[in-house]
Protein chains: 2
Amino acid sequence: MRRHDHQTTQADLTAGAVLAPYLQEQAAEFLRSLRLHRENSAPTDAGTHAAEAAAGALRRSSRRIGGTLHTFRAALDTAWAEQLRTELAWLSGTLAREHAYATRLNRLLEALHALSGTSLPTARTGSGSDAAGDKERAALGVGAARAGALLERQLTLARTRAHSAALQALGSSRFHAVADAVALLASEVPLAAAATAPAEEMLHGPADRAEQQLLGAVAALPSDEAVEPYNEAQDAPWHRTRLLLRLHRYAHEVVRGAPDPVLVAPGRALDLHRDASEAAAAAASAARTPRIAPATAYALGVLHADQRHEVEAARGVFRESWPYATAVTAP
Amino acid sequence: MRRHDHQTTQADLTAGAVLAPYLQEQAAEFLRSLRLHRENSAPTDAGTHAAEAAAGALRRSSRRIGGTLHTFRAALDTAWAEQLRTELAWLSGTLAREHAYATRLNRLLEALHALSGTSLPTARTGSGSDAAGDKERAALGVGAARAGALLERQLTLARTRAHSAALQALGSSRFHAVADAVALLASEVPLAAAATAPAEEMLHGPADRAEQQLLGAVAALPSDEAVEPYNEAQDAPWHRTRLLLRLHRYAHEVVRGAPDPVLVAPGRALDLHRDASEAAAAAASAARTPRIAPATAYALGVLHADQRHEVEAARGVFRESWPYATAVTAP
């Protein structure tokens, strides 16, 4: 209800009157998540899940505050906005790593199960003609089990390190300064003098520019023919598009009161693209472990190619779900 | 011109008058190819190419004669037809193997080049952000080179053996009996008494049954959801469909004077499906070579997955190009 009022009466409001409630709401969410995270820092099972959920909420509000400070910096105390934004990017990046390693491991183990067929025992026909396929899948199965164990070891270690780094960050004086700044933001937003101008004048321009940057990035995405399927360096324009879509989403939330519903599916496709791209890189990296068995390396190769095909599939889904006709290069 | 007359006046002809010219034409083609093959058996470069082309033509006419003997056996001396058909299947199978190994090696080496990017040096941007991708592609490159050498060794050996087996077969008394039977066929087709009935009565029924078997096989193809992507044993229904499509094509040639043009693209897709399926199996088999380096096994894993995705892509092309709406399970 509040959002609806906010949206319909926005034409009459000043930029500050639109921007401040959004930032204060996100700041309050940040502080609530931080409290929840502290209350659940004991390493019990339930506590771990609650702490993970709280860290996720902390990242979400950090990204929204940071994105808003960036897009609408002209209506804010610019130096303060840029500084807090940098610190929030550091924080959400640090917190994201643990989650990313956990997600990556799950994705890779699920893919390995699907590839080696161990998750689909009932689909087997049991007829004699399966013998050749069975032999190949059994060979893949041994390697897949070892590859899974290797990935689990490597990514669990990385995750544990990321967890320690996150806890260390949350106890640092650098973090306390961020938390203090957000607590101040929750009570009062340091607006620029220009924020007394009408919202339509001060906020719609930056929001439109965020949208134009997204449209420009999408239009500049290379076609599939121009891309080498296994060259992970060429994923960069897609990753950049993902970040621009996120900035656009937050700007839309500020100005219209809610994210643009037509960009939900493309955004999800770009998330999957990023996940598959990083999972493929993790498989390739595991394959460079010294002294692994050939069967393990083989399974990691299959896994790498599988995830690279997921990357391409995600691009296809992005193109199909992208709502604007002009801006996407045909596959 | 001849074909056109053949087609338009067929309604008035007996089954024998339609069947005999087709079989005699194919038998003449068989004998011509055999002569060409013998004239080019010296292992010079030009001779090798001419011999390969002649072997291909020999296989094509063998398949057409064999398929026709099978589909229209009721209009022919049945025992003779079944016996010659079995011998022609042996011959075309023996001759096909050498060609298949050569095709498979080419396909796998081309895929390896594409995967390791060595065939696309100009597409590199050279910017600093390529470093991670470069490292992965370089790692894949070393393994890809070794995997290529391994596949080349294994498939060239298999091809050489298949070549010797084909030459041995062509010099055998078993083959001379086949060639004699085809020479007889070129001058006189051993028709059944029933072949004096009108072509429409005797030939359209069997041709329709060949089509129904194809449609039934296509309708029974499992959906992609029911299939485990890396289970090569589950390719069998597609391979069977490919053979039924071939039988239908030859029956169409006999009865209508030309293959059905709407089935050219689906047929090509099933050929690609078979090629990719066998290439994937060859990569998996090479990965089971004892004492290979992990980098080699990794590249073979990537290659295996890549070819399995080609298998799925070929199924997609088949579904898209299949001209009848009812009979294909949705992807």
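Higher on the page you've got the structure.
A quick note: this is a predicted structure, and the numbers were derived from the prediction, not measured.

### Some points on the pattern of salt bridges
Enumeration over the complete set of coordinates arrives at 22 salt bridges over all chains. Its salt-bridge partner being Arg 159 of chain B, residue Glu 52 of chain B comes within 3.0 Å of it at the nearest N-O pair. Pair noted here: Glu 52 of chain B is in helix α3 (residues 45-71) and Arg 159 of chain B is in helix α5 (residues 131-170), with a separation of 107 residues, a long-range link. Glu 52 of chain B sits in the partly exposed class, given a relative accessible area of 35%. The partner of Arg 242 of chain B in a salt bridge is Asp 271 of chain B, with the nearest N and O atoms 2.8 Å apart. With Arg 242 of chain B in helix α9 (residues 236-256) and Asp 271 of chain B in helix α10 (residues 264-287), this pair connects stretches of sequence that are 29 residues apart. On the basis of relative accessibility, which here comes to 30%, the residue Asp 271 of chain B falls in the partly exposed class. Each of Glu 232, Asp 235, Arg 308 and Arg 315 of chain A takes part in a single network of salt bridges with overlapping partners.

### Focus on the nonpolar core
One recurring pattern in soluble globular proteins: nonpolar side chains tend to sit buried together. Grouped together as the largest cluster of nonpolar side chains are 53 residues, with contacts concentrated most on Leu 300 and Leu 303 of chain A together with Leu 300 and Leu 303 of chain B. Mapped onto this core, the elements with two or more residues apiece are α4 (78-116), α5 (131-170), α10 (264-287) and α11 (294-321) of chain A together with α4 (78-116), α5, α10 and α11 (294-321) of chain B. Two domains each donate at least three residues to this core, and these are domain 1 (11-121 + 148-197) and domain 2 (203-331) of chain A. Setting aside chain neighbours within four positions, we find Leu 303 of chain A in contact with Leu 108, Ala 111, Leu 112, Leu 115, Leu 151 and Ala 283 of chain A. Counting residues in hydrophobic clusters, the runner-up holds 41 residues, among them Leu 23, Leu 88, Ala 181 and Ala 251 of chain A.

### A look at the packing of helix α3 (residues 45-71) of chain A against helix α9 (residues 236-256) of chain A
Residue and element names in this part refer to chain A. For the pair α3 and α9, interaxial distance at closest approach is 9 Å and the crossing angle is 85 degrees. Classified by the interaxial angle, the pair formed by α3 and α9 is roughly perpendicular. Facing Arg 63, Arg 64, Gly 67, Thr 68, His 70 and Thr 71 of α3, the residues of α9 in contact are Arg 246, Leu 247, Tyr 250, Ala 251, Glu 253 and Val 254. Grouping the constituent residues of the contact of α3 with α9 by class yields four nonpolar, four polar and four charged.

How each quantity is defined
- Residues numbered from 1 in each chain as written.
- Chains lettered and ligands numbered in written order.
- Predicted model: local features only at pLDDT ≥ 70, side-chain atom pairs only at ≥ 80, totals over all residues.
- Heavy atoms only, no water.
- Salt bridge = Lys/Arg side-chain N within 4 Å of Asp/Glu carboxyl O.
- Helix = DSSP H or I, 4+ residues; strand = E, 2+ residues; numbered from the N terminus.
- Buried < 20%, exposed > 50% of the residue type's maximum accessible area, 1.4 Å probe, protein only.
- Core = buried A, V, L, I, M, F, W, Y, C linked by side-chain atoms within 4.5 Å.
- Domains from an automatic or database assignment.
- Contact = heavy atoms within 4.5 Å.
- Axes fitted to C-alpha atoms, helices over the stretch in contact; angles between N-to-C directions.
- Parallel < 35°, antiparallel > 145°, perpendicular 65-115°, else oblique.
- Nonpolar A, V, L, I, M, F, W, Y, C, P; charged D, E, K, R; others polar.

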